[in-house]
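Chain residues, written in single-letter form:
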Amino acid sequence: NFEEEYSLHTNPQDIGNGEELPEDPIQDHRPRLLIMGQRRSGKSSIQKVVFHKMPANETLFLEATNKIVKEDITSFIDFQVWDFPGQINYFDAPYDANMIFGDYGALIFVIDAQDDYIEALNRLHHTVTRAYKVNPDLSFEVFIHKVDALSDEYKIDTQRDIQQRITDELADHDLEHVHLNFYLTSIYDHSIFEAFSKVIQKLIPQLPTLENLLNILCANSGIEKAFLFDVNSKIYIATDSSPVDMQSYEICSDMIDAKSHFQLLALILIKHLYSRTNSYRDESYDDPSPIDTNGCSGNYETANEASSLIKLNNGTILCLRGVNRFLALVCLLRADNFEKHGLIDYNFQCFKEAIAEVFELKRRNAERAKHERMGLIENVDDSIGG
């Protein structure tokens, strides 16, 4: 089953108000995404859409979060998502701010752009200043959310106003060196996935290696743009060094969602990319290849065998290749470059093997770190017992 094969989630844990936040000294050293903000700002909706594939319109029926929800995400990078209710001050007792903010990760603060955000900015300033004292290495990300109903001009003005206000506030407290990243987001388009992609990439130690591998693949295969996607969340964990065009990202992202031949063609046909100047058509190749090049092909029985191919009417090829059970490569290239598809197949296989080596090295490092922590804990227990 395609969806089960790509499932990334373990059971979420609910933590009630005032309850002790559990920490396993062996397992709980993954990067954390701490999602915070005012009540009804859209925090839980974001998590459901990105990590659970909930349709955006169904989030209207979600109840307000009244307890901390911690969820483990397993993918190329294992991390935790903590969804915090907006009405609680986590720097007061009984909460342990050092435990919450002390680990490596990112703090995502969500601001409702359609609401009066002055109080939210005060909360953001308070959170950043206190969290920075606990952990200066924490990455601070601000999602200016629910911008889908705003005009482009109003979006830019809102972002400029929020950015200027919080920057001035931090400067007044001698914290102008604290860097915040700002994103305009909505669950009704791809902006929330783009924002999460950039946040997650900062937590991936292997990112330079992945980008270098993609650059080599593109340079030697005539690929114009390549994305390495987490197949469940549609977050791209790496891309080549060429600039990211939002429309190219959208069409590549939508290809991940397709679970069958007909769904994929429908997504491509209705996508707005090139729609004003080009039309889509499914076209066959006369030259045989290891890939079934009849417009769309693939075997979704196992993730690393997934393969799909679309030729657009403007001469662009959209290609998906499964890398492993977590990742898929989606790339754009010109049709004339695809004539060397044998070379592309060989280069992709080399790329796939290189990714496998990165995974293996990551696994070994994780095992080594785990054993080191276990040894440290055993030494502590021995010293206490003695």
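Here, the structure is the one placed above.
For every chain, the first residue of the written sequence is number 1, and numbering continues from 1 along that sequence. Per-residue local features of the predicted model are confined to residues with pLDDT of at least 70, and side-chain atom pairs are confined, for both listing and counting, to 80 or more; whole-chain, interface and lining totals are unaffected and use all residues. Side-chain numbers here rest on the full set of heavy atoms in the structure, without hydrogens or water.

## A closer look at the pairing of strand 9 (residues 236-239)
Whether two strands pair comes down to DSSP finding at least two bridges between them. Here a strand is any run of E in DSSP of at least two residues, a helix any run of H or I of at least four, and the numbering for each starts at the N terminus. Across 3 bridges, the pairing between strand 8 (residues 223-230) and strand 9 is antiparallel. When the sheet's bridge partners are listed, L228 is paired in strand 9 with A238.

## Some words on the sheet that holds strand 8
Strand pairing within a sheet occurs via backbone hydrogen bonds; the two strands may be parallel or antiparallel. If you trace the 5 strands from one edge of the open sheet to the other, you get 9-8-12-11-10, paired in antiparallel fashion. Sheet topology places strand 9 and strand 10 (307-311) at the edges, where each strand pairs with a single neighbour. Shown here is a sheet whose adjacent strand axes are inclined to one another by a mean of 15°, direction ignored. With 7 bridges joining them, strand 11 (residues 316-322) and strand 12 (residues 327-334) adopt antiparallel strand pairing. Paired with I317 across the strands is L333, a residue of strand 12. Throughout, a residue-residue contact means that at least one pair of heavy atoms, one from each residue, lies within 4.5 Å. Helix axes are fitted only over the stretch in contact, all axes being lines through C-alpha atoms; the angle between N-to-C directions runs from 0 to 180 degrees. In the packing of helix 8 (residues 246-257) onto the sheet, contacts are made with strand 8, strand 9, strand 10, strand 11 and strand 12, and the angle to strand 8 comes to roughly 45°.

## Concerning the packing of aromatic side chains
Put simply, two rings from Phe, Tyr or Trp (the six-membered ring, in Trp's case) pair if the centres are within 6.5 Å, and we call them stacked under 30 degrees between planes, edge-to-face over 60, tilted for the rest. The final tally for this structure, using the stated rule, is 15 aromatic pairs. Ring centres of F91 and F101 lie 5.0 Å apart, and the angle between their planes is 0°; this geometry places the pair in the stacked category. Pair noted here: F91 is in the loop between strand 4 (79-83) and helix 3 (97-101) and F101 is in helix 3, with a separation of 10 residues, a long-range link. The residues F91 and F101 share a single accessibility class, namely buried. By the ring-pair criterion, three or more aromatic residues cluster together here, those being F51, F79, F143, Y183 and F196. We note K234 situated over the ring of F193; from NZ or CZ to the ring centre the distance is 4.6 Å. The rule is simple: take the accessible area with a 1.4 Å probe, protein chains only, and divide by the maximum for that residue type; under 20% is buried, over 50% is exposed, in between is partly exposed. For a ring to carry a charge above it, either NZ of a lysine or CZ of an arginine must fall within 6 Å of the ring centroid while also lying within 35 degrees of the normal to the ring plane.

## Focus on the side chain of S186
For S186, the location among the structural elements is in the loop between strand 7 (180-184) and helix 6 (191-201). A polar atom in the side chain of S186 sits 2.9 Å from the side chain of D148. Reaching out from S186, the side chain makes a polar contact with the backbone nitrogen of Y188 at a distance of 3.1 Å. S186 has contacts with H145, V147, D148, S191 and I192, leaving out every residue within four places of it along the chain. Two N or O atoms form a polar contact when they lie within 3.5 Å of each other; inside protein one atom must be a possible hydrogen donor and the other a possible acceptor, and for residues adjacent in sequence the pair counts only when both atoms belong to side chains.

## Remarks on a negative patch on the surface
A cluster of acidic residues, D168, E169, D172, D174 and E176, forms a negative patch on the protein surface. Take D174: it is sitting in the loop between helix 5 (152-172) and strand 7. Surface patches are drawn from residues lacking salt bridges whose relative accessible area is over 30%; two like charges belong together within 9 Å, two nonpolar side chains (Val, Leu, Ile, Met, Phe, Trp, Tyr) within 5 Å. Note on areas: these come from Shrake-Rupley sampling with a 1.4 Å probe, and a residue is covered only by the protein chains present in the view. Basic side-chain nitrogens of Lys or Arg form a salt bridge, by our definition, when they fall within 4 Å of a carboxyl oxygen of Asp or Glu. Here Asp and Glu are counted as negative and Lys and Arg as positive; His is not counted, and neither are the chain ends. A charge is said to be at NZ when it belongs to Lys, at CZ for Arg, at CG for Asp and at CD for Glu.

## Topic: the side chain of S139
Along the chain, the position of S139 falls in strand 6 (residues 139-145). The class for S139 is buried, based on a relative accessible area of 15%. Among the polar contacts listed, one links the side chain of S139 to the side chain of E141, at a separation of 2.3 Å. The contacts of S139, once residues within four sequence positions are left out, are G105, A106, L107, N181 and K202.

## Re unusual backbone geometry
Of note, K53 is a non-glycine position whose phi angle comes to about 55°, a positive value. Take K53: it is sitting in the loop between helix 2 (43-52) and strand 3 (68-73). Residue classification places K53 among the partly exposed positions, given a relative accessible area of 32%. Even without being a glycine, K146 presents a positive backbone phi close to 65°. Along the chain, K146 falls in the loop between strand 6 and helix 5. Assessed through its relative accessible area of 23%, K146 is described here as partly exposed.

## Section: the nonpolar core
The set of buried Ala, Val, Leu, Ile, Met, Phe, Trp, Tyr and Cys residues whose side-chain atoms join them within 4.5 Å is what this entry labels a nonpolar core. Grouped together as the largest cluster of nonpolar side chains are 72 residues, with contacts concentrated most on L33, F143, F196, L228 and F351. Those residues in contact with F196 that lie beyond four places of it in its chain are L33, I35, I46, V50, F51, I108, F143 and I235. In this structure, Y117, A120, V128 and I166 belong to the second largest nonpolar core, which totals 37 residues.

## What to know about helix 5
In an α-helix, one full turn covers 3.6 residues, which means residues spaced three or four apart are oriented alike. Helix span is expected to be 1.5 Å times the residue number reduced by one. Taking 1.5 Å of rise per residue, 21 residues should cover 30 Å, and helix 5 covers 30 Å from first to last C-alpha, within 8% of that figure. Within helix 5 the residues assigned to the buried category are K155, T158, Q159, I162, I166 and L170. Down the axis of helix 5, the sector holding all buried residues measures 95°, keeping them to one side. Exposed residues lying more than 90 degrees from the buried face of helix 5 are E153, R160 and D172. This arc is built from the directions going out from the helix axis to the C-beta atoms.

## Quick look at the pattern of salt bridges
Going through the model one piece at a time under the given rule, you end up with 12 salt bridges. Residue K202 is joined to E141 by a salt bridge in which the shortest nitrogen-to-oxygen separation is 3.0 Å. Of the two residues, K202 sits in the loop between helix 6 and helix 7 (207-221) while E141 sits in strand 6, which places them 61 residues apart along the sequence. Its relative accessible area of 36% is what places K202 among the partly exposed residues.

## As for the packing of helix 2 against helix 6
It is at 11 Å that the axes of helix 2 and helix 6 come closest, and there the two elements cross at 80°. In this view, helix 2 runs roughly perpendicular relative to helix 6, as classed from their interaxial angle. Here I46, V49, V50 and F51 of helix 2 lie close against helix 6, whose contacting residues are I192, F193 and F196. Here the residues of the contact of helix 2 with helix 6 are counted per class, giving 7 nonpolar, no polar and no charged. Throughout, the term roughly parallel applies to angles under 35 degrees, roughly antiparallel to angles over 145, roughly perpendicular to angles from 65 to 115, and oblique to all others. Three classes are used: nonpolar for Ala, Val, Leu, Ile, Met, Phe, Trp, Tyr, Cys and Pro, charged for Asp, Glu, Lys and Arg, and polar for all others, with Gly counted as polar.

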